[in-house]
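# Per-entry structural report
The chain contents come next:
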Amino acid sequence: MSALNRVPSLMARAGTASALTLAAVSGSVVIPGIASDAAAATPATKALNVAASKKGSPYRYGAVGPKRFDCSGLTQYSFKKAGKKLPRTAAQQYNKTRHISAGSRKAGDLVFFHSGSNVYHVGIYAGKGKIWHAPKTGDVVRLQKIWTKSVWYGRVK
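So, here is what we can say about the structure in this document. (Residues numbered from 1 in each chain as written. Predicted model: local features only at pLDDT ≥ 70, side-chain atom pairs only at ≥ 80, totals over all residues. Heavy atoms only, no water.)

### Section: the pattern of salt bridges
Just so we agree on the cut-off: A carboxyl oxygen of Asp or Glu within 4 Å of a side-chain nitrogen of Lys or Arg is what we treat as a salt bridge. Numbered from the N terminus, helices here are DSSP runs of H or I no shorter than four residues, and strands are runs of E no shorter than two. Per-residue accessibility, obtained with a 1.4 Å probe over protein chains only, is compared with the maximum for each type, and a residue is labelled buried under 20%, exposed over 50%, and partly exposed between these values.
One pass over the structure, following the stated rule, counts three salt bridges. Residues Arg 155 and Asp 109 are paired through a salt bridge, measuring 2.8 Å at the closest nitrogen-oxygen approach. Here Asp 109 lies in the loop between strand 1 (97–100) and strand 2 (110–115) and Arg 155 lies in strand 6 (residues 151–156), a separation of 46 residues in the sequence. For the residue pair Arg 155 and Asp 109, the accessibility class agrees, reading buried in each case. Two residues, Asp 139 and Arg 142, come together in a salt bridge whose shortest N-O distance is 3.0 Å. Overall, the relative accessible area of 17% leaves Asp 139 in the buried class.

What follows is the structure, encoded as structure tokens:
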């Protein structure tokens, strides 16, 4: 019997158990910004999971990991761990991706922040309008809502 089919019987036995408790009992817990095991086979999803695993790592300009990162250092490190090579800077990474529309974006795609034609920041799309990124000096790697419409999307080839 699948976990989904067991939920009603679990709920009947659990009484007032929380949804998280039921999810844990059925064997599946969803964490925002972390891909499921079924999707973990793709390099993009692996890179997303690597970036998420670096939550709380300090920002340092020019840093490429494994303990400190700048924005493009985090994306480069994450994709390298997933078996894909990216150049060093956000602008170079933009030039090496397949450009896609916002409607085509998927978890694991890169999100490039721009001013005019200048790409100045990059993060990894986590779904639901959020990215994993290394924001700025004094901050740490974290999941954050995309705060502007001045973004382009790229898929690592």
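Next, the rest of the story.
### Observations regarding the packing of aromatic side chains
Rule in force here: Any pair of Phe, Tyr and Trp rings, taking the six-membered ring for Trp, is counted once the centres come within 6.5 Å. Such a pair is stacked with planes under 30 degrees apart, edge-to-face with planes over 60 apart, and tilted for the rest.
Evaluated as defined, the whole model comprises five aromatic pairs. Relative to Phe 112, the ring of Tyr 94 lies with its centre 5.1 Å away and its plane at 75°, an arrangement referred to as edge-to-face. Linking Tyr 94 in helix 5 (residues 90–96) with Phe 112 in strand 2, this pair joins segments that are 18 residues apart in sequence. Residues Tyr 94 and Phe 112 agree in their burial class; the two are buried. Among the aromatic residues, those joined into a cluster by ring pairs are Tyr 94, Phe 112 and Trp 152.

### With respect to the sheet that holds strand 5 (residues 142–145)
As a reminder of what qualifies: Pairing between strands requires that DSSP locate at least two bridges from one strand to the other. Only the stretch in contact is used when a helix axis is fitted, and all axes are lines through C-alpha atoms; the angle between N-to-C directions ranges over 0 to 180 degrees.
The six strands are arranged 1-6-2-3-4-5 in an open sheet whose pairing can be described as antiparallel. The open sheet is flanked by strand 1 and strand 5, the only strands paired with a single partner. Strand after strand, the sheet turns through a mean of 40° between neighbouring axes, direction not considered. For strand 4 (residues 130–133) and strand 5, the ladder comprises four bridges, and the chain directions are antiparallel. Note on strand 5: the bridge partner recorded for His 133 is Arg 142.

### A word on the side chain of Ser 72
Where we set the bar: The contact definition used throughout considers only heavy atoms, calling two residues in contact when any of these lie within 4.5 Å.
Among the structural elements, Ser 72 can be located in helix 4 (residues 71–81). The class of Ser 72 is buried, set by a relative accessible area of 5%. Every residue in contact with Ser 72, bar those within four places of it in the chain, is listed here: Arg 88, Thr 89, Ala 90, Gln 93 and Val 122.

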